[in-house]
Amino acid sequence: MKKLIHTFTKKLSIIRTIVVVAALSIVPLLNVPQASAAQITGRSVTLSTSAPAATGVTYALATAAVPTTGTSIKSVQIQFCTSLSGGCTTPSGFSASSSTLASQPTGLGAGTGWTVNAATAGSLRIVNAANATNPSGAVTVTWNGVVNPTATNTTFYGIITTYSDAAWTTPLDSGSVALSTATQIQVALTVGETLTFCSGTSITGQNCGTVAGSLVSLGTGSSTATSSGTSVMAASTNGTSGYTVTVNGATLTSGANTITALAAGTASSIGTKQFGINLAGTNTTPPVGSAISGTGTGTASANYATNNTFRFVTGETVATAAGPTNANTYTVSYIANIDGITSPGAYTTTLTYIATANF
Amino acid sequence: MTKTNPTLQRIIYGFSIMALLMLYFPHVAGAAQITARKVTLGSSAASASTTYAMNFTVPSATVLQSASFTVCTTASGTCSTPAGFSVSSSTLTAQPTNLGDAAGWTVSTSTAGSLRLSKSGNAAVPTGVQTVSFSNVVNPSATNSTFYVRMTTFSDAAWTTPVDAGTVAGSTAGQITVTASVDETLSFTLASATVALGALSTSATGSGTSSMTVSTNAASGYSLTYSGTTLTSGGNTITALASPTVSTLNTKQFGLNLMSNTTPAVGTATSGTGSGVPSVGYNAANSFKFNSGDTVAAASVPTNTNTYTVSYIANIDGVTAPGAYSTILTYIATANF
């Protein structure tokens, strides 16, 4: 029995020794980069896109000055893992195989001579075996051509390590960062065909919601003065070829009597039967009308755009826009003159402005 | 009991959903965009019965047998017909052009809110720019309001199998009423208040002029009369010429006319664009008359301004009593509306 106990104790001791030796031999393997590495501070890795599986992604490393400044750095690595504990598993889909250096790094010592090593798909690496300059200042290293992990909305980690040798073997400093892919948000908006048009006698700005009124009173005609008045209209469209606005109606009429419509552009002439309109902005004879307002590209048509020249031909185009346009507000100026024989009466006409959008 | 294969089940579900979607959006599925499209209204007045003229270009060279132009309050989504819009009396203004056959297209008014035409048996493909115009379409009742016309062409005659589609926006607009009143007018102006005939003699005729302008818009024009006495000095008078008479020296005469005279050389012809003329008795050169209450000029219709020059002559004989002879004449213009 005593012998048995002794044998058992001996075996247990051997087993314990083996376990301890094995454990001691594994520890250095697990902590190679971290063993004597100091912590890199102010560290970040910025992705140009977080879209899963995106290719050609830029990974920009930025850190404060590395803590170990008395030794030159000959290689740097960011190893990407699914977690920071345990063995490193490269996130599915992540690839550094096509990575390139966007530009020479800063803060690592030599300003040139750094090259990418893309042999390790799960790590972004640079190396400069000839670097003999100690690191100084903030560090930036930017890789292009990286492929993001395929899982969306998933965190992954980067372990940043600087090395004193050119084979990513002897670590100097290290630090880790967390990154994440993210689902891309697709924002959809349908813009239908639009034509906003209104007419009245008053409007605030170009807001058709404020248009009001329908009566333009030219007062009492006289053979010694010109009667005048205004109406307004506003138009906008996203039609590819813009819009046209036509004027439609008869001249001023009282029973069988009419005020002669100006079939061609004509100046107002007191003592002559005349009815006409224009969309010009600064008539002086008579002083009536306002300039076209708004940010749109609409303009008055040539026949109706000249100051102090009036015309009225039903069906004619009075305003146009050649392309999609924001709103413009047009002021339509009306003038009427009579001669000495113009029959007395109440003269009226109802005019309809028609906007046609061209899609 | 047979166990269903889950993969097969998923595939069946997928196809079922797609089929339902295709049934739900039959008109959108394979339709290409109609280009260069517009709708021109004959009137934009709210509730007006008017024409809707469609111009468009279909991209597909597929034979069409029907087309619809559905008017909605929105450009997409479920279509709500704008209040007041009606196609119930719609007709084809003319046969469409370039839609296929040149004749045989008919309107269907059975679908409220949708202008429709069809031709079963059309075998001609559309070409160029298509035009379709409907008459007797009633505009939406809201003024200054945008509405949308959803165009769809179909390869069958029952508006079932869409070919191309497109949307245009239209708008009603407030009508502008322009008013002006013209009052009754009579314009009458006398240019001078005094006419001096000078010192009369038996060997020379005294003469002078006054002028007046008249216009009216009265339907029957105007008449111009005068009233007053002959030249008078106390109890003495210069004889008024009761009938048109030439000027005669050494004879008591007082008269007037509205002409350009040579004996004596006095007066000017009527001027102006009006239609007024001197009246009989006062319209012959070198012939003078004075009869209170006579009409000296008239226009029978509305007339622009005329300027009349009244020529006065006076002669005396050897026994005419000396004195300052004068008279006040009053001219009266009467418009006849």
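The rules we used
- Residues numbered from 1 in each chain as written.
- Chains lettered and ligands numbered in written order.
- Predicted model: local features only at pLDDT ≥ 70, side-chain atom pairs only at ≥ 80, totals over all residues.
- Pairing = 2+ DSSP bridges.
- Helix = DSSP H or I, 4+ residues; strand = E, 2+ residues; numbered from the N terminus.
- Core = buried A, V, L, I, M, F, W, Y, C linked by C-beta atoms within 7 Å.
- Buried ≥ 20, exposed ≤ 12 C-beta atoms within 10 Å, placed from the backbone.
- Contact = placed C-beta atoms within 7 Å.
- Domains from an automatic or database assignment.
- pLDDT = per-residue confidence, 0-100.

Enquirer: Looking at this structure, I do not really get the sheet that holds strand 6 (residues 115-117) of chain A. What am I missing?
Expert: All names here are of chain A. Spatially, 1-10-9-4-7-6 is the arrangement adopted by the six strands of the open sheet, whose pairing is mixed. A strand with exactly one partner marks an edge of an open sheet, and here the two such strands are strand 1 (38-39) and strand 6. When strand 1 meets strand 10 (residues 171-180), the two strands line up parallel, connected through two bridges. Bridge pairing in strand 10 links A38 to D173.

Enquirer: Explain the nonpolar core to me, please; I cannot follow it from the model alone.
Expert: A general feature of soluble globular proteins is that nonpolar side chains tend to end up buried together. The biggest cluster of nonpolar side chains holds 82 residues, and the ones touching the most others in it are A:M233, A:A234, A:V245 and A:A355. Setting aside residues no more than four positions away along its own chain, A:A234 makes contact with A:C198, A:I203, A:Q206, A:C208, A:V211, A:A327, A:N328 and A:T329. One finds B:M212, B:L231, B:L241 and B:Y308 within the second-largest nonpolar core, a separate group that totals 31 residues.

Enquirer: How do you make sense of the pairing of strand 13 (residues 207-212) of chain A when you look at a structure like this?
Expert: In summary, the side chains of a regular strand alternate between the two faces of the sheet. Residues and elements named next belong to chain A. The sheet contact formed by strand 12 (residues 202-204) and strand 13 spans two bridges and is antiparallel. Following the sheet pairing, T204 is matched in strand 13 by N207. Remark: two residues form the turn of the hairpin made by strand 12 and strand 13, two consecutive strands paired antiparallel; G205 in that turn has positive phi of roughly 60°.

Enquirer: Help me understand the sheet that holds strand 18 (residues 277-278) of chain B in this model?
Expert: Adjacent strands of a sheet form backbone hydrogen bonds with each other and so pair up, either parallel or antiparallel. With antiparallel pairing, four strands are arranged side by side in an open sheet as 18-19-14-21 (chain B). The open sheet has two edge strands, strand 18 and strand 21 (330-335) of chain B, and neither has a second partner.

Enquirer: Any chance you could explain the environment of A:L172 here in plain terms?
Expert: All names here are of chain A. With respect to the helices and strands, L172 occurs in strand 10. According to the C-beta neighbour criterion, L172 is buried, with 26 such atoms within 10 Å. The spatial distance from the C-alpha of L172 to the C-alpha of T266 is 91 Å, given a sequence separation of 94 residues. Other than its neighbours up to four places away in sequence, L172 contacts A37, T68, T71, I73, T162, Y163 and S164.

Enquirer: Looking at this structure, how should I read the interface of chain B and chain A?
Expert: Each partner contributes residues to the interface: chain B has 40 residues there, and chain A has 49 residues. Of all the secondary structure elements, the ones that give two or more residues to the side of chain B that touches chain A are strand 2 (35-41), strand 9 (146-154), strand 10 (162-171), strand 11 (176-182) and strand 20 (303-315) of chain B.

Enquirer: Which parts of the structure should I look at to understand the domain arrangement of chain B?
Expert: Reports of interface size often rely on the accessible area that becomes lost once the parts have come together. Looking at the assigned domains, one finds that chain B contains domain 1 (26-171) and domain 2 (186-335). For domain 1 of chain B versus domain 2 of chain B, the distance between C-alpha centres works out to 76 Å.

Enquirer: Which parts of the structure should I look at to understand the confidence of the model for chain A?
Expert: A low pLDDT score tells you not to read the predicted coordinates there in detail. Across chain A, pLDDT averages 91, with 90% of residues at or above 70. Scored below 50 in pLDDT, residues 17-35 of chain A makes seven contacts in the model with residues more than four places away or belonging to other chains.

Enquirer: Could you clarify how one ought to interpret the domain arrangement of chain A in this entry?
Expert: Domain boundaries in chain A define domain 1 (36-180) and domain 2 (195-357). The centre of domain 1 of chain A, based on its C-alpha atoms, is set 71 Å off from the matching centre of domain 2 of chain A.

Enquirer: Can you help me understand the environment of A:T194 in this one?
Expert: Relative to the elements of secondary structure, A:T194 occurs in the loop between strand 10 and strand 11 (195-200). A:T194 sits 27 residues away from A:G221 along the chain, and the two C-alpha atoms are 41 Å apart.

Enquirer: Would you explain the environment of A:L84 in this entry?
Expert: Mapped onto the fold, A:L84 is located in the loop between strand 4 (75-81) and strand 5 (100-101). Spatially, the C-alpha atoms of A:L84 and A:I159 are 8.1 Å apart, while their sequence positions differ by 75 residues.

Enquirer: I tried to follow unusual backbone geometry on my own but got confused; where do I start?
Expert: Phi is mostly negative for residues that are not glycine, and the peptide bonds are mostly trans. The peptide bond linking A:T285 to A:P286 adopts the cis configuration, its omega dihedral lying at -5°. Here A:P286 shows up in the loop between strand 19 (274-278) and strand 20 (299-300). Cis geometry marks the peptide bond from B:T263 to B:P264, where omega comes out at -5°. The phi torsion at B:N136 lies on the positive side, around 60°, for a residue other than glycine.

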